[in-house]
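Letter by letter, the chains look like this.
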Amino acid sequence: MEQDREQLASRLDIGKELLYLTQQDVISAGLTEADILRLTRDALIAHGRKAYDMPAKIGVFPSEEVFCHAMPAYVASSLALGLKWIGCNPDNPTKYGRPQTTGLMLLNDILSACPIAIMDCAWITATRTPAVTVLAAAALHPDAETFGMFGCGVQGTGHVNFAEHALKKLKTIHVFDVKEENMDRLIAEVQPKIKAKIVKGRSFEQVTKECQVLSSATLIVKRPHSFVKSEWVGKGQTILPCDLNTFWDPAIPRQADKYIVDSIEEHELFDRVGYFPGGLPRIACETGQVLAGLEPGRESPEQLIVCSNIGMSVVDVVVAREILNRALVRNIGSKLRL
Ligand SMILES: NC(=O)c1ccc[n+]([C@@H]2O[C@H](COP(=O)([O-])OP(=O)(O)OC[C@H]3O[C@@H](n4cnc5c(N)ncnc54)[C@H](O)[C@@H]3O)[C@@H](O)[C@H]2O)c1
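For every chain, the first residue of its written sequence is number 1, and the numbers climb from 1 along that sequence. Where totals are concerned, whole chains, interfaces and linings use all residues; where local detail is concerned, this predicted model gives features only for residues with pLDDT of at least 70, and gives and counts side-chain atom pairs only at 80 or more. Neither water nor hydrogens contribute to the side-chain values; these are computed over all heavy atoms in the structure.

Asks: Is there a simple way to explain the environment of Gln 191 in this structure?
Replies: For Gln 191, the location among the structural elements is in the loop between helix H7 (180-190) and strand S9 (197-200). Taking the C-alpha atoms as reference points, Gln 191 and Cys 242, separated by 51 residues in sequence, lie 22 Å from one another. With residues up to four places along the chain from it excluded, the contact list for Gln 191 reads Leu 186, Ala 196, Lys 197 and Ile 198. Where helices and strands are cited, they refer to DSSP runs of H or I of at least four residues and of E of at least two residues respectively, numbered from the N terminus. In what follows, a contact means two residues having at least one pair of non-hydrogen atoms within 4.5 Å.

Asks: I'm lost on the site of the ligand in this one. Help?
Replies: For this description, a residue counts as near a given molecule or strand if any of its non-hydrogen atoms is within 4 Å of it. In the vicinity of the ligand there are 27 residues, among which Arg 128, Gln 155, Asp 177, Asn 182 and Asn 309 approach most closely. Interatomic distance of 2.8 Å between a backbone N/O atom of Asn 309 and a nitrogen atom of the ligand. Polar contact is defined as a pair of N or O atoms within 3.5 Å, subject to the rule that within protein one atom must be able to donate a hydrogen and the other to accept it, and that residues adjacent in sequence are counted only when both atoms are side-chain atoms. Between an oxygen atom of the ligand and a main-chain N or O atom of Ile 310, the distance comes to 3.2 Å. Looking at the shell around the ligand, the elements with two or more residues in it are helix H5 (122-140) and helix H6 (154-166). When residues in the shell around the ligand are grouped by element, the largest group, three residues, is from H5. An automatic or database domain assignment provides the domain bounds reported here. In this structure, the shell around the ligand is formed jointly by two domains, domain 1 (2-124 + 314-337) and domain 2 (126-312), each of which donates at least three residues.

Asks: Could you clarify how one ought to interpret the domain arrangement of the protein chain in this entry?
Replies: By a widespread convention, an interface's size corresponds to the accessible area lost as its parts come together. Once the domains are mapped, the protein chain shows domain 1 (2-124 + 314-337) and domain 2 (126-312). Contacts between the two partners involve 32 residues from domain 1 and, on the opposite side, 32 residues from domain 2. Counting the surface lost from both domain 1 and domain 2, the interface buries some 2900 Å², and carbon and sulfur atoms represent 62% of this. Accessible area, probed at 1.4 Å, shrinks when two parts are joined; the buried area is that loss added up over both. Counting the surface domain 1 buries against domain 2, the share from its top three residues, Leu 37, Leu 44 and Lys 57, is 21%. The salt bridge criterion pairs a side-chain nitrogen of Lys or Arg with a carboxyl oxygen of Asp or Glu, the two atoms within 4 Å. The tally of links from domain 1 across to domain 2 stands at two salt bridges. With a shortest N-O distance of 2.9 Å, Asp 316 and Arg 128 are connected by a salt bridge. Of all the elements in the fold, those that place two or more residues in the side of domain 1 that touches domain 2 are helix H3 (33-48), strand S3 (66-75), H5 and helix H12 (313-329).

Asks: How do you make sense of the pattern of salt bridges when you look at a structure like this?
Replies: Two side chains carrying opposite charge are able to pair once their charged atoms lie near each other. Overall, the coordinates contain 15 salt bridges when judged by the stated rule. The shortest N-O distance in the salt bridge between Asp 316 and Lys 84 comes to 3.1 Å. Here Asp 316 is found in helix H12, whereas its partner Lys 84 is found in strand S4 (residues 80-88), with 232 residues between them in sequence. Working definition: with a 1.4 Å probe on protein chains only, accessible area under 20% of the residue-type maximum means buried, over 50% means exposed, and in between means partly exposed. Residue classification places Asp 316 among the buried positions, given a relative accessible area of 0%. We note a salt bridge from Glu 180 to Lys 200, for which the minimum N-O separation is 2.8 Å. Here Glu 180, found in helix H7, pairs with Lys 200, found in strand S9; they are 20 residues apart in sequence, far enough to count as distant. On the basis of relative accessibility, which here comes to 43%, the residue Glu 180 falls in the partly exposed class.

Asks: How do you make sense of unusual backbone geometry when you look at a structure like this?
Replies: Peptide bonds are, in most cases, trans, and in most cases residues other than glycine have a negative phi. Its identity is not glycine, yet Lys 50 carries a phi of approximately 65 degrees, on the positive side. Within the secondary structure, Lys 50 is located in the loop between H3 and strand S2 (58-63).

Asks: I'm lost on the nonpolar core in this one. Help?
Replies: Side chains that are nonpolar tend, in soluble globular proteins, to be buried together. Counting residues in each nonpolar core, the largest one holds 104 residues, and the members touching the most others are Met 119 and Ile 323. Here this core gets ten residues from one element, more than from any other, and that element is H12. With sequence-adjacent residues up to four places away left out, Met 119 is seen in contact with Leu 21, Val 26, Gly 103, Leu 104, Met 105, Leu 107, Ile 124, Ala 320, Ile 323 and Leu 324. Each nonpolar core is a collection of buried residues, namely Ala, Val, Leu, Ile, Met, Phe, Trp, Tyr and Cys, held together in the definition by side-chain atoms within 4.5 Å.

Here it is in structure tokens:
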């Protein structure tokens, strides 16, 4: 800790200034997929071992489906302390030509608590979310050869890009989106970077039935749309929603042998504010506990497992802290006086 603090203090006048990083600055810090996976794994394991401080996100709701969440966290093992302030409006792309998810990260010095950085959080969210999904997928279904992705936007594209970094036997990735052009864009962007063959899906049913591991990143709303019906899902599959309770028939987590979540507290909070109208399914354990080896994941090839990861700020602050370190070393960003 001493050494890290000295390095930070040698590059930043702590308490008098902070580093501001635009989205491009964040990307220019140069974290690779392997870096994001390593940092995300560290954060999930710290979470699984309860070596963190992270109250469930609090939110304000300017309208029924629009929210801003405050997501603070401290992960001692990564010297990471901060807050993500993130907004989400499912209608942003159509109504305002803006991404669904936007926001800022604020980092603080762990000794003085002074703010040390503000950075755009879109790229961090767009990379750490798929990293959580594919790390969980690798723990629960390591030999998967087929992966299905519903939603080909920011998160879907990230998921397909990350998938084979963790699922080493992957041969085929099926993608499906209600917008044909989003599937085409994803394939054009990601296929040149990965070996697994990306195939355009024909329907919710066809993709669901053909894939061993499936994920969804579409939209989060309070009334479940149940685009995937429970009768299409079978034993031996692993389903990893990023969009809480919107996309999959709520009967699916109930028929699953295990319903695992990244944070029980977060899921209970979403339940309290109305995102599980039929009630929260029984939770087996948390994703980080599986990654830390503290809870069993898949216990037989026949099990149907649903693993819902709604997003945790322990991961955001750990990734953001590494970005700050690299940005300071590379002289990226703008120093702002406090
Ligand atoms: N779990 C997390 O940590 C986390 C983090 C960030 C975002 N999210 C959530 O992930 C979701 C996607 O975010 P994004 O930034 O990729 O949004 P995006 O707008 O970039 O992409 C969403 C995509 O889903 C498609 N879509 C919408 N309805 C669909 C349906 N019924 N079937 C198939 N495709 C459909 C859209 O056409 C679009 O291509 C949002 O709900 C967001 O809140 C979760």
